Amino acid sequence: MAAPADIRAGIAGYRAASATFAPGTVKAALDALFDDSATLRLCHPFGDQVGPDAFLATCLGPLHHAMPDLERRDMILVAGSTPEGQDWIGAMGNYMGTFTGPFLGIPPTGHLAHMRYHEHFRLEAGRVTEMQMIWDIPELMMQAGAWPMPPQLGKFLCTPAPMPGDGLVSTGPGDVALKIVTDMLADLCRHPAEGGPEIMNLETHWHPRFNWYGPAGIGTTRGIAGFRHWHQIPFLRAMPDRKLDAMGDLMSHWLAEGDYVCETGWPNMRVTITGDGWMGIAPAGQSVLLRSLDFWRVDDGRIRENWVLVDLLDLYDQVGVRVLDRMAEFNKARGSGPITLSDGMAE
């Protein structure tokens, strides 16, 4: 098992290259970091891939083509060894750039755009052998006015970095923070099977001013009231059988450093859609698997911020809704070609 500092150092070259994206430099960094047979578990529509060339060709290359001045902005890094003895690092941040070309059929805007990522890397002998990644593609669709599904209940915003500004440098034992998060999740799963909302002990686990940064399609909420109204009530009404990840073949990997905790699992939740009211999905009684990659920040014994990405496009796909195809139908009469901007210096 490697020290957290060594795990962080292992991806430093890739982080530096992708901060000011140049295809040749990024390819060299990927080749140096990734094992040729690395397993890539990528969000919908990319699917499972193998090796760094596939990640560049399928994901990063098309994104750079859509945003020629693409940059990667890490805001949280959590590194360490899991209880199973695996070395992982979780990264949260925003891809940003001028959106001048289509991406996955999403029409360009000609403006600065942002797309949150949660990317988790498992390293062996200093090289990545597994990656789990969710990009908030619906976030980009919303900025383009091209989200074809029901409006989200939560607030839309560019996800911010942690309040203290220490998301990239937090170090030290994370045992206390990890227990706070896992105790919270255990209590969450007591409702509704064991009682009403009070059994979740929300006031015990969550700071009264906490921010819950959900994926586009669900949105961001503030405090217990916002969390309940704009996310949890409709979620549990639709899927009251949700439980923690340790169910049969589902398994999460947990990391914690200082006040930060992250979880990665692919997938990590099995639920049955039996009620109405969540993201316009019909209550067909269908069992689905959820992929969720999460980060938490603990402040004075309670959770102050929670960054959550769920692969919503994959969820819709499981219930037979092809979001990207539906988006294409909406935009048949809309120009989706590249946008050319002058330098703005000529009158």
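Let me sum up the structure you'll find in this document. (Residues numbered from 1 in each chain as written. Predicted model: local features only at pLDDT ≥ 70, side-chain atom pairs only at ≥ 80, totals over all residues. Heavy atoms only, no water.)

Details of the environment of Ala-328
Tracing the sequence through the fold places Ala-328 in helix H10 (residues 323-330). Its relative accessible area of 40% is what places Ala-328 among the partly exposed residues. Along the sequence, Ala-328 and Phe-210 sit 118 residues apart, while their C-alpha atoms lie 37 Å from each other. (Helix = DSSP H or I, 4+ residues; strand = E, 2+ residues; numbered from the N terminus. Buried < 20%, exposed > 50% of the residue type's maximum accessible area, 1.4 Å probe, protein only.)

Digging into the nonpolar core
In this structure, Tyr-14, Phe-55, Leu-60, Trp-135 and Trp-278 are the most contacted members of the largest nonpolar core, which totals 89 residues. Apart from residues no more than four positions distant in its own chain, Leu-60 is found in contact with Tyr-14, Phe-21, Val-26, Leu-30, Phe-55, Tyr-95 and Trp-135. Residues Val-78, Trp-88, Cys-262 and Trp-307 belong to the second largest nonpolar core, which totals 11 residues. (Core = buried A, V, L, I, M, F, W, Y, C linked by side-chain atoms within 4.5 Å. Contact = heavy atoms within 4.5 Å.)

Side note on the sheet that holds strand E10 (residues 260-265)
Read from one edge of the open sheet, 6 strands run E8-E7-E14-E13-E10-E9, paired in mixed fashion. Single-partner strands in this sheet number two, and they are strand E8 (220-222) and strand E9 (252-257). Neighbour-to-neighbour, the strand axes of this sheet turn through a mean angle of 15°, independent of strand direction. With 6 bridges connecting them, E9 and E10 associate as antiparallel partners. Paired with Ala-256 across the strands is Val-261, a residue of E10. (Pairing = 2+ DSSP bridges. Axes fitted to C-alpha atoms, helices over the stretch in contact; angles between N-to-C directions.)

What about the packing of aromatic side chains?
For the structure on display, the rule yields 16 aromatic pairs. Plain terms: the ring middles of Trp-206 and Phe-210 are 4.4 Å apart, the flat faces sit at 35° to each other, and that makes the pair tilted. When sorted by exposure, Trp-206 lands in the same class as Phe-210, which is buried. Cluster of aromatic residues (ring-pair linked, three or more members): Tyr-14, Phe-34, Phe-46, Phe-55, Tyr-95, Phe-103, Tyr-117, Phe-121 and Trp-135. (Phe/Tyr/Trp six-rings, centres within 6.5 Å; stacked < 30°, edge-to-face > 60°.)

Points about the packing of helix H3 (residues 23-33) against helix H4 (residues 52-66)
The geometry of a pair of packed helices is captured by two quantities: the angle between their axes and the separation between those axes. As a packed pair, H3 and H4 sit with axes 11 Å apart at the nearest point and diverge in direction by 150°. For the element pair H3 / H4, the angle class is roughly antiparallel. H4 is crossed by H3, and the crossing has right-handed handedness. Of H4, the residues touching H3 (which contributes Pro-23, Val-26, Lys-27, Leu-30 and Asp-31) are Pro-52, Asp-53, Phe-55, Leu-56, Leu-60 and His-64. Taken together, the residues of the contact of H3 with H4 break down into 7 nonpolar, 1 polar and 3 charged. (Parallel < 35°, antiparallel > 145°, perpendicular 65-115°, else oblique. Left-handed = near helix turned anticlockwise from the far one by under 90°. Nonpolar A, V, L, I, M, F, W, Y, C, P; charged D, E, K, R; others polar.)

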